[in-house]
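Chain residues, written in single-letter form:
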Amino acid sequence: MTARRGTNFFAEPGVSGFIHRAFTKSMGLGDDELERPIIGICNTFSELNNCHRHFRELAEAVKRGVLQAGGTPLEFPTISLGEIYLSPTSMLHRNLAAMDTEEMIRAQPLDGVVLLSGCDKSTPAALMGLASADVPAIMVSGGPMLDGHYNGERLGACTDCRRLTAENRAGTLDDATYKAIEDGIVRSAGHCMVMGTASTMNSLTEALGMALPGNGAIPAVDSRRLRLAQASGRRIVAMVAEDLRPSKILDRKAFENALTVFSALGGSTNAVVHLPAIAGRCDVELPLDLFDEISERTPLLANLRPIGAHQMEAFFHAGGVPALMRELLPLLDGTALTVTGRTVAENAAEAPPPDGDVIRRRNEPVRPHGGTAIVRGSLAPDGAVIKHAAASPELLQHRARAVVFEDLDDLRAKIDSDDLDVEPSDILVLRSVGPIGGPGMPEVGNFPIPKKLLAQGVRDMVRISDARMSGTAYGTIVLHVAPESAVGGPLAFVQTGDEIELDLENRRLDLHVDDAELEARRAAWQPPRRPYARGYGRLFLDTVGQAPDGCDFDFLRGRTPVEIEDQAK
Ligand code: FES
Ligand code: MG
């Protein structure tokens, strides 16, 4: 692919160039504007995505920057993944958004592109798409929401949605107060403001080098976000001149830096799915064990909920990702290149020092290691994920009886029943909620505590599934069990009454059932019915990978061969 795809398109001789220019002039653009770098602004605005509701204004700021630097901005839409509104789960549509992003960047005459994202899946989708399209690109996030408030109490979406719902179900929070909190928990535009999936992925975008410093934490409604968007518009025009493409930034160094920042943030377990998916587009392997290895050598420095005490607004005032990366620099590869055209070390030299509370110093961390671990064993031969920093320490070494729910319908039917045979020490197992079984690996891994135990004061139990969970959630939750139950992983064969052992110290997750019995259960097993016979759902079921591979479609992994790019021109 040659540089200046956009300007070349308008400069073509003969009828092609004539048509390209004539139709574009119909939008009011003149010859001089078509000779400048053509910058796409990929806007995921939607009225079915509250997190992106300010993106029209954000896009205007990017445009100002592009114009200031002598480029021509052309805004275009791609699909928008509003976490709250998509069923069965937004994860089903992440790969669709990534394909939309990749194909629209590649198919349109763009010299460079600025991508606006924010809500959970939109950021990994944009990164996957831009990595595969490999046109000079820069990400601008929408930024986190302001803190929620009720009656003097600071609230976080959606860590407190879950906590307060549990209290309401337990009868310790009255219905009127529970209802009134709805008005004050989500106060502004922007994505969820604890260190959930959106905050994690937007912070990691900065760590990967794909956004300007500050992008991860500036609040959505702070004017500095508009100025960052404008600066990004200016910068992309220079990146086109430098031919600074994603393939020059998204290398192994960048991904290992992102893993280190992820560990120091105590970020969402969803990153353990999204980062391998993005890396897979760049021919970089990120095996699960690398998450554990890097987590073990990285102190957890961000004192942010759901693990710590603060939220994104405080993180921003404490210096945000630049301050965190400055403190982490000895553990990072400072030579990694970023969209600034400078290295991670050069960017860090301009960052403020951490404040010592919201962003801790390395010698006074929140915890000595990262927040997430990988466990393996007879129940999860290909691995499973646990955010142990947000778990109950006394449950991290736990051997107990399994209580099994076949799927979400079975869970809903039984969880509030007084007849459910369950004790506080039991291990709850939920299956058929993986990438294929879910389908789309819904965020249900932190499924509820049985109502009768809630009433007894129980607030946490070991819960195991092939699902994901929201980055804003907490508890002793084992997720992403692979292989998943729907493809015949051992999770499919667990029965109520079996013994399961979680042994975090030795990174083990075992099902204590003898091999002959397991074989008999396997022989009698029938795969679940496939929910989609046609359309995108069928493509998803036919080609989606398992969690350790990032749940990308098999045909989307790897770099696009150059000869195919050339054919397309
Ligand atoms: Fe968009 Fe939480 S709903 S990030
Ligand atoms: Mg979420």
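Residues numbered from 1 in each chain as written. Chains lettered and ligands numbered in written order. Predicted model: local features only at pLDDT ≥ 70, side-chain atom pairs only at ≥ 80, totals over all residues.

Engineer: Kindly report on the overall build of the chain, identifying the contributing residues and their values.
Structural biologist: In terms of helices and strands, the chain carries 22 helices and 14 strands. A compact globule built from 569 residues should have a C-alpha radius of gyration of about 25 Å, and the chain, at 24 Å, falls within 12% of that. With respect to the three principal axes, the spread of C-alpha positions in the chain is 75 × 55 × 45 Å. Counting across all 569 residues of the chain, residues that qualify as buried make up 56%. Considering only intrachain contacts with a sequence separation of at least 6, the fraction spanning at least 24 residues in the chain is 78%. (Helix = DSSP H or I, 4+ residues; strand = E, 2+ residues; numbered from the N terminus. Rg over C-alpha atoms; globule rule 2.2 N^0.38 Å. Buried ≥ 20, exposed ≤ 12 C-beta atoms within 10 Å, placed from the backbone. Contact = placed C-beta atoms within 7 Å.)

Engineer: Could you give an account of helix α16 (residues 320-328), with specific residues and numbers?
Structural biologist: With respect to burial, α16 is a largely interior element, nine of its nine residues being buried. Three or more residues of α16 are buried, namely G320, V321, P322, A323, L324, M325, R326, E327 and L328. Of the surrounding secondary structure, the elements contacted by the buried residues of α16 are α9 (197-208), α12 (252-265), α15 (312-317) and α17 (344-349).

Engineer: Break down the sheet that holds strand β4 (residues 137-141) for me, citing the residues and quoting the values.
Structural biologist: Whether parallel or antiparallel, the strands of a sheet pair through hydrogen bonds between backbone atoms. Taken in spatial order, the four strands make up an open sheet running β2-β1-β3-β4, and their pairing is parallel. Where the open sheet ends on each side, the last strands, each with one partner, are β2 (72-77) and β4. Here the average twist between neighbouring strands, direction ignored, is 20 degrees. This element, helix α4 (residues 55-68), spans β1 (38-43), β2, β3 (112-117) and β4 of the sheet and lies at about 170 degrees to β1. (Pairing = 2+ DSSP bridges. Axes fitted to C-alpha atoms, helices over the stretch in contact; angles between N-to-C directions.)

Engineer: Which residues make up the environment of M441, and what are the values?
Structural biologist: Of note, M441 is situated in the loop between β10 (427-430) and α19 (451-454). Once the C-alpha coordinates of M441 and G71 are considered, the two residues, 370 residues apart in sequence, prove to be 41 Å apart. Not counting chain neighbours up to four residues away, the residues in contact with M441 comprise M91, V433, G434, P435, A467, R468, A547 and C551.

Engineer: Can you explain the packing of helix α6 (residues 122-133) against helix α13 (residues 271-280)? Please cite residues and give values.
Structural biologist: Packed helix pairs are characterised by how far apart their axes lie and by the angle those axes make with each other. Contact geometry of α6 with α13 gives a least axis separation of 8 Å together with a crossing angle of 10 degrees. By the angle between their directions, the pair α6 and α13 is classed as roughly parallel. Facing α6, whose interface residues are P124, L127, M128 and A131, α13 presents H274, A277 and I278. Residues belonging to the contact of α6 with α13 are distributed by class as follows: six nonpolar, one polar and no charged. (Parallel < 35°, antiparallel > 145°, perpendicular 65-115°, else oblique. Nonpolar A, V, L, I, M, F, W, Y, C, P; charged D, E, K, R; others polar.)

Engineer: Pulling in residues and values, what's your account of the confidence of the model for the chain?
Structural biologist: When pLDDT is averaged across the chain, the result is 95; 98% of the residues are at 70 or more. Two numbers describe this predicted complex: its pTM, 0.96, and its ipTM, 0.92. (pLDDT = per-residue confidence, 0-100.)

Engineer: Could you give me a rundown of the UniProt feature "domain: Dihydroxy-acid/6-phosphogluconate dehydratase N-terminal" (unreviewed entry) in the chain, with the residues and numbers involved?
Structural biologist: As recorded in UniProt, the sites labelled "domain: Dihydroxy-acid/6-phosphogluconate dehydratase N-terminal" (unreviewed entry) are residues 36-347. From the first C-alpha to the last, residues 36-347 spans 29 Å; its make-up is 49% helix and 9% strand. (UniProt positions renumbered as here; feature names shortened; annotations may be inferred.)

Engineer: Just give me the short version of the pairing of β2, but keep the residues and values in it.
Structural biologist: Bridge analysis of β1 against β2 gives six bridges, and the strand direction is parallel. Counterpart to I41 in the pairing with β2 is E75. Remark: the β1/α4/β2 crossover connection has right-handed handedness. (Right-handed = clockwise from strand over helix to strand, strands pointing away.)

Engineer: Residues and numbers for the packing of α4 against helix α10 (residues 223-242), please.
Structural biologist: Running from N to C, α4 and α10 point in directions that differ by 40 degrees, and their axes come no closer than 7 Å. Between α4 and α10, the interaxial angle falls into the category oblique. Considering only the axes of α4 and α10, their crossing is right-handed. Together, L58, A61, V62, K63, R64, G65, V66 and Q68 of α4 and L226, A229, Q230, A231, S232, G233, R234, I236 and V237 of α10 make up the contact between the two elements. Residue composition of the contact of α4 with α10, by class: nine nonpolar, five polar and three charged. (Left-handed = near helix turned anticlockwise from the far one by under 90°.)

Engineer: Give a detailed account of the pairing of strand β9 (residues 397-405), specifying residues and quantitative values.
Structural biologist: Relative to strand β13 (residues 499-503), β9 runs antiparallel, the two sharing five bridges. Pairing of A400 across the sheet is with I500, part of β13. As paired strands, β9 and β10 are joined by four bridges and run parallel to one another. Bridging across to β10, V403 finds its partner in L428.

Engineer: An account of α6 is requested, with residue identities and associated values reported.
Structural biologist: Across its 12 residues, α6 extends 16 Å between first and last C-alpha, which sits within 8% of the 16 Å expected from 1.5 Å per residue. Burial in α6 covers these residues: S122, T123, P124, A125, A126, L127, M128, G129, L130, A131, S132 and A133. On its buried face, α6 sits against α5 (91-107), β3, β4, α9, α11 (246-249) and α13. (Expected span 1.5 Å × (residues − 1).)

Engineer: For the environment of N151, give the residues involved together with the corresponding values.
Structural biologist: Among the secondary structure elements, N151 is positioned in the loop between β5 (148-150) and β6 (153-155). For N151 and S247, which are 96 residues apart along the polypeptide, the C-alpha to C-alpha distance reads 49 Å.

Engineer: Let's hear about unusual backbone geometry: which residues, and what values?
Structural biologist: Between A157 and C158 the backbone carries a cis peptide bond, its omega angle lying at -5 degrees. Residue R305 is joined to P306 through a cis peptide bond whose omega torsion reads 10 degrees. Mapped onto the secondary structure, P306 falls in the loop between α14 (288-296) and α15. In the Ramachandran plot, D134 falls in the positive-phi region, its phi being about 55 degrees despite a non-glycine side chain. Classification of D134 as buried rests on a count of 22 C-beta atoms within 10 Å. The backbone of D243 shows a phi angle near 50 degrees, a positive value even though the residue is not glycine. Here D243 is to be found in the loop between α10 and α11. The class of D243 is partly exposed, set by 13 C-beta atoms lying within 10 Å.

Engineer: I'd like to hear about the environment of V385, residue by residue, with values.
Structural biologist: Topologically, V385 is positioned in strand β8 (residues 380-386). Residue classification places V385 among the buried positions, given that 29 C-beta atoms sit within 10 Å. It is 18 Å that separates the C-alpha atoms of V385 and A486, two residues lying 101 residues apart in sequence.

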